[in-house]
Amino acid sequence: MEKIDLEHKKILVTGAAGFIGSNLVKRLLKDVKDATIIGIDNMNDYYDVSLKEYRLQEIKTSLQSDQSVAENNNSWSFMKGDIADKATVDSIFEQYKPAVVVNLAAQAGVRYSITNPDAYIQSNLIGFYNILEACRHWPVEHLVYASSSSVYGTNKKVPYSTDDKVDNPVSLYAATKKSNELMAHAYSKLYNIPSTGLRFFTVYGPAGRPDMAYFGFTNKLRQGETIQIFNYGHCMRDFTYVDDIVEGVVRIMQGAPEKKTGDDGLPLPPYAVYNIGNNQPENLLNFVDILQQELIRAKVLPKDYDFEAHKQLVPMQPGDVPTTYADTSALERDYGFKPSTPLRDGLRHFAEWYHDFYIRTV
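None of these values were measured; they are calculated from a predicted model.

Caption draft 1: The arrangement of the nonpolar core in detail. Counting 77 residues, the largest nonpolar core has L24, L28, F200, Y214, M253 and F287 as its most contacted members. Among the nonpolar cores identified, the runner-up in size contains 22 residues, and I83, I92, Y96 and I131 belong to it.

Caption draft 2: Representation of the packing of aromatic side chains within the structure. Considering all chains together, one arrives at 32 aromatic pairs under this definition. Ring geometry for Y46 and Y47: centres 6.0 Å apart, planes at 65°, overall edge-to-face. We note that Y46, like Y47, is buried. Centre to centre, the rings of W353 and Y354 are 6.5 Å apart; their planes meet at 75°, and the pair counts as edge-to-face. Just as W353 is buried, Y354 falls in that class too. The ring of Y47 carries K52 above its face, with NZ or CZ at 4.7 Å from the centroid.

Caption draft 3: Focus on the sheet that holds strand β3 (residues 36–41). With respect to topology, seven strands assemble into an open sheet ordered β4-β3-β2-β5-β6-β7-β15, the strand pairing being parallel. Each of the sheet's edge strands pairs with one partner strand only, and the pair in question is β4 (75–80) and β15 (271–276). For this sheet, the mean angle separating the axes of adjacent strands, direction not counted, is 15°. Bridge count between strand β7 (residues 195–200) and β15: six bridges; the pairing is parallel. By the bridge assignment for β15, S195 is matched with Y271. Seen against the sheet, helix α1 (residues 19–31) touches β2 (10–14), β3, β4, β5 (100–103) and β7 and runs at an angle of roughly 160° to β2. Each of β6 (142–148), β7 and β15 is contacted by helix α7 (residues 172–191), which is oriented at about 155° to β6, the strand it contacts most.

The rules behind the values
Residue positions are given per chain, counting from 1 as you read along its sequence in written order. A pLDDT threshold of at least 70 governs which residues receive local features in this predicted model, and a stricter bar of 80 or more applies before side-chain atom pairs are shown or counted, although totals over entire chains, interfaces and linings include all residues. Side-chain numbers come from the whole structure's heavy atoms, not from hydrogens or water. For this analysis, a nonpolar core means a set of buried residues of the types Ala, Val, Leu, Ile, Met, Phe, Trp, Tyr and Cys, connected via side-chain atoms within 4.5 Å. Relative accessibility decides the category of a residue: with a 1.4 Å probe and only protein chains considered, values under 20% of the type maximum give buried, values over 50% give exposed, and everything between is partly exposed. The criterion for an aromatic pair is that two Phe, Tyr or Trp rings (for Trp, the six-membered ring) have centres within 6.5 Å, with stacked assigned to planes under 30 degrees apart, edge-to-face to planes over 60 apart and tilted to the rest. Only when the NZ of Lys or the CZ of Arg is both within 6 Å of the ring centre and within 35 degrees of the ring normal is a charge said to sit over the ring. Two strands are counted as paired when DSSP detects at least two bridges linking them. In this description a helix means any DSSP run of H or I spanning at least four residues, a strand means any run of E spanning at least two, and both kinds are numbered starting from the N terminus. What counts as an axis is a line fitted to C-alpha atoms, over the stretch in contact for a helix, and the angles between N-to-C directions run from 0 to 180 degrees. Residue contacts are defined here by distance: any two heavy atoms, one from each residue, within 4.5 Å place the two residues in contact.

Interpretation note: all reported values are geometric properties and have no functional meaning in isolation.
This is the structure:
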């Protein structure tokens, strides 16, 4: 692979007010020197916009109050805009000519794709096409983009390997993410654009997405509502803490697939795909049990909370899969990294953040 030094580079992060995007920006500001970091996000109301504003404020605060960040001499610019708008994307590339692009902007969520498919076509297909076209006309050293473990569908073979065929998506969301991989491959082949897709596995942590189970469960339990546990609790999820995801992204940003020429004199596509998961799936009932313990510990819920009265086992939902389980051997081989944050540690960080954000500030 081609080594990329991020120092002195212009780096574009799309979806910069999102869960992973904002954490990535904070990490780059902390660890990279003399970089120009540009963020774009459309700030849509798929979930509480105040969370996105909070994340942006956290970035601003780190720039103002963290001495080590200030000493790195990085610049940070944020634009409210939509990557589905070609003129917006083109203007950013024309102005900044980024060397590294991390495309995290996407309409997320499996169930929402059933009721609002248009949002997925706009952001995940048209938006990504606009990014690829811009990378074609303003060449980049590396395009890194978010895929998803959802592309594995109901694959029976576990753990999921990037060598597995993934031709049977069970949701439109999954289909758009597989499409991203196919589109990136075509552009890598045609225009020699180094690109790496990252299949994320159930990312969680502080200031995450409220539509994710751990966050939604917490909201409902706090309000005295009943939580529904799908497939009667017989689901396994490879929960991956957000700091582990960011560590993987930063490492991969610095290693672009190598440009090579084939026997026909044409480029071999400089293209790669990796799983980033915890490689240790957890039973959903065990996950809920740990979550409730940590919510009590963080004083989000009272010690005598009756969980059994607020828990309902229900059938599988359309678009869901029973198991996600990442084979991370390629990530370990190429980048010497394997996510390892224990579930309890990650949920403890979330519960403490939730208390500070929703309860202490009231």
